[in-house]
Amino acid sequence: MAILSQFDVLALRREFPILQQHVHGKPLAFLDSAASSQKPRRVIETLEDYYRRYNANVHRGVYRLSEEATFAYERARGKLARFINAASQREIIFVRNTTEAINLVAYAWGGANIRAGDRILLTMMEHHSNIVPWQLLAQRTGAELIYLPFDGQGRLVLDDLDRLLDERVKLVAFTHQSNVLGTINPVAPIVARARAVGARVLLDAAQSVPHMPVDVQALGIDFLAFSGHKMCGPTGIGVLWGRREVLQAMPPFLGGGSMIDLVELDHSTFAAIPARFEAGTPAIGEAIALGEAADYLQEVGLATIHQHEQELTAYALERLAAVPGITIYGPPAGPDRGGAISFSLEGVHPHDVAAVLDQEGVAVRAGHHCTQPLHRVLGVPATTRASFYLYNLPEEIDRLVAGLHKARQLFA
Ligand code: PMP
């Protein structure tokens, strides 16, 4: 097939040491990047270089190593700002992951802005990390959560926004790309409608920032949350981006070192952003390595990566549809269909599907993928999910399909 015309995936794969291995005697086909991506050598080396050569705490020491670490850490912040086209690198808050970013907003912004009777609009396709923090906030404040449904093809029912959006809604928080349905949600019409009632908008970009160009200024949102480990970076590091004036007006989340201006015995004053939201020693080497990952993805090109994944997804949807007994969830191939494909195989439990595929060297995920409400809508407790990234090949999809035929022979 005429795929992979834009860049040399075989050469690119050689940059990922983990992809060179065999599993159960078969070459590893890693189809679980929606859970966590693999890391290129240069990201691993950047992390190692920090620990080997200039490991020291940031923002404190006046000695050489600490200055070097501080410089690299702040330079990484600048790289992440450019990666999502933030207006200022002070809008980049380093956190552990998407989950922590959303919790930060729920506590700090939510605590200051949400009152009893207010509403927070979510969607039925959210990851638990974009549901539970809001439930906790609602319990603390007496606010109410309401949900935008999705249709039989896994697309948000935008017509329902008229019914759901009014002045009581203070925040709309939704996923840019579903980790289960693969749907790439339309941000512009939702932002426009949210703005019309004065609501803030948070975008869960865990599944979009790694895979497509994302420009926070063009999107017109207030908050963006994403994880380093899904974009070729290390675990333990992620980003909350917030619009400058919104962040500046927010009280702190965690209290401690580095986030203060003056500490008296009975009260404190707080540092400006971003320090106000980075209490304690941050994940220094991980942030620096995430900056390297951002450089790497930009050098390959986010538009190129997206195109490659679109082609892989279209190919996979076509091949999977021919597997007897399969039900595929989410939209058909097209511009609003990203590279995460969840499915059921009649008569075979998702965990058995994944176990058979593992024997073939094919790594996929089975379960509810942290989306129990979504799965209740689908009417199944669990699905099997294959997901793609820049290093995947059409041959790996062929092996996925062959493995599914084998699972059917064994179980169905
Ligand atoms: N939102 C979405 C859409 C996700 O796919 C994930 C990760 N599966 C998360 C949030 C949470 O990311 P993390 O576990 O890195 O906090």
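Residues numbered from 1 in each chain as written. Predicted model: local features only at pLDDT ≥ 70, side-chain atom pairs only at ≥ 80, totals over all residues. Heavy atoms only, no water.

## Considerations on the site of the ligand
Link 1 in the chain: Around the ligand, 13 residues are found, and the nearest of them are Thr99, Asp204, Gln207, Ser227 and Lys230.
Link 2 in the chain: The separation between an oxygen atom of the ligand and a polar main-chain atom of threonine 98 is 3.4 Å.
Link 3 in the chain: Residue serine 227 places a side-chain N or O atom 2.7 Å away from an oxygen atom belonging to the ligand.
Link 4 in the chain: For the ligand, whose unbound accessible area comes to 390 Å², protein coverage reaches 88%.
Link 5 in the chain: When each cavity is represented as a set of grid points, the ligand is found to reside in the largest pocket.
Link 6 in the chain: Taken together, the residues of the shell around the ligand break down into 1 nonpolar, 10 polar and 2 charged. (Near = heavy atom within 4 Å. Polar contact = N/O pair within 3.5 Å; in protein donor to acceptor, adjacent residues only side chain to side chain. Areas by Shrake-Rupley, 256 points an atom, 1.4 Å probe, with all protein chains shown as cover. 1 Å grid on protein atoms, 1.4 Å probe; cavity = no way out; pocket = protein on both sides within 12 Å on 5 of 7 lines; lining within 4 Å. Sits in = over half its atoms within 2 Å of the grid points. Nonpolar A, V, L, I, M, F, W, Y, C, P; charged D, E, K, R; others polar.)

## What about helix H14 (residues 394-411)?
Link 1 in the chain: Between its terminal C-alpha atoms H14 stretches 26 Å, which fits the 26 Å expected from 18 residues at 1.5 Å a residue.
Link 2 in the chain: Along H14, the positions that sit buried rather than exposed are Pro394, Glu396, Ile397, Leu400, Val401, Gly403, Leu404 and Ala407. (Helix = DSSP H or I, 4+ residues; strand = E, 2+ residues; numbered from the N terminus. Expected span 1.5 Å × (residues − 1). Buried < 20%, exposed > 50% of the residue type's maximum accessible area, 1.4 Å probe, protein only.)

## Brief notes about the packing of helix H2 (residues 41-54) against helix H10 (residues 284-300)
Link 1 in the chain: One can describe the packing of H2 onto H10 by two numbers: an axis separation of 8 Å at closest approach and a directional angle of 150°. Judged by the inter-axis angle, H2 sits roughly antiparallel to H10. Considering the relative orientation of H2 and H10, their crossing is right-handed. Counting all contacts with H2, which are made through Arg42, Val43, Thr46, Leu47, Tyr50, Tyr51 and Tyr54, the residues of H10 involved are Ile284, Gly285, Glu286, Ile288, Ala289, Glu292, Ala293, Asp295, Tyr296 and Glu299.
Link 2 in the chain: Of the residues belonging to the contact of H2 with H10, the class tally is 10 nonpolar, 2 polar and 5 charged. (Axes fitted to C-alpha atoms, helices over the stretch in contact; angles between N-to-C directions. Parallel < 35°, antiparallel > 145°, perpendicular 65-115°, else oblique. Left-handed = near helix turned anticlockwise from the far one by under 90°. Contact = heavy atoms within 4.5 Å.)

## So, the pairing of strand E8 (residues 200-204)
On a regular strand, one side chain projects to one face of the sheet and the next to the other, so that they alternate.
Link 1 in the chain: Of all 5 residues in E8, 4 are buried; the element is thus mostly enclosed.
Link 2 in the chain: Pairing between E8 and strand E9 (residues 223-227): 3 bridges, direction parallel. When the bridges of E9 are listed, leucine 202 appears paired with phenylalanine 223. (Pairing = 2+ DSSP bridges.)

## What about the layout of surface pockets?
Link 1 in the chain: Space inside the largest pocket adds up to approximately 360 Å³.
Link 2 in the chain: Taken together, 21 residues make up the lining of the largest pocket; nearest its centre are Ala34, His127, Asn179, Lys230 and Cys370.
Link 3 in the chain: Partitioned by chemical class, the residues of the lining of the largest pocket number 4 nonpolar, 13 polar and 4 charged.
Link 4 in the chain: Of the voids in this model, the second largest pocket is the one considered here, and its volume is about 220 Å³.
Link 5 in the chain: Looking at the second largest pocket, it is lined by 15 residues, and the ones nearest its centre are Phe94, Val95, Glu100, Glu278 and Ala279. (Points joined across faces, edges and corners; volume = space filled by probe spheres on them.)

## Quick notes on the packing of aromatic side chains
The geometry of an aromatic ring pair comes down to the distance between the two centres and the angle between the two planes.
Link 1 in the chain: One pass over the full model with this rule turns up 8 aromatic pairs.
Link 2 in the chain: Seen in terms of ring centroids, phenylalanine 16 and tyrosine 391 are 4.9 Å apart; in terms of plane orientation they differ by 65°. Their pairing is edge-to-face. On the criterion of sequence distance, the pair formed by phenylalanine 16 in the loop between helix H1 (9-13) and strand E1 (22-23) and tyrosine 391 in the loop between strand E17 (383-387) and H14 is long-range, its members being 375 residues apart. We note that phenylalanine 16, like tyrosine 391, is buried.
Link 3 in the chain: Note on tyrosine 389 and tyrosine 391: the rings are 5.6 Å apart at their centroids and 75° apart in plane angle, and the pair reads as edge-to-face. With respect to burial, tyrosine 389 and tyrosine 391 carry one shared label: buried. (Phe/Tyr/Trp six-rings, centres within 6.5 Å; stacked < 30°, edge-to-face > 60°.)

## Focus: the environment of threonine 175
Link 1 in the chain: Here threonine 175 is to be found in strand E7 (residues 169-175).
Link 2 in the chain: You can call threonine 175 buried: its relative accessible area is 5%.
Link 3 in the chain: Not counting chain neighbours up to four residues away, the residues in contact with threonine 175 comprise Met125, Glu126, Asn130, Asn185, Leu203 and Asp204.
Link 4 in the chain: Polar side-chain contacts of threonine 175 include one of 3.0 Å to the backbone oxygen of glutamine 177.

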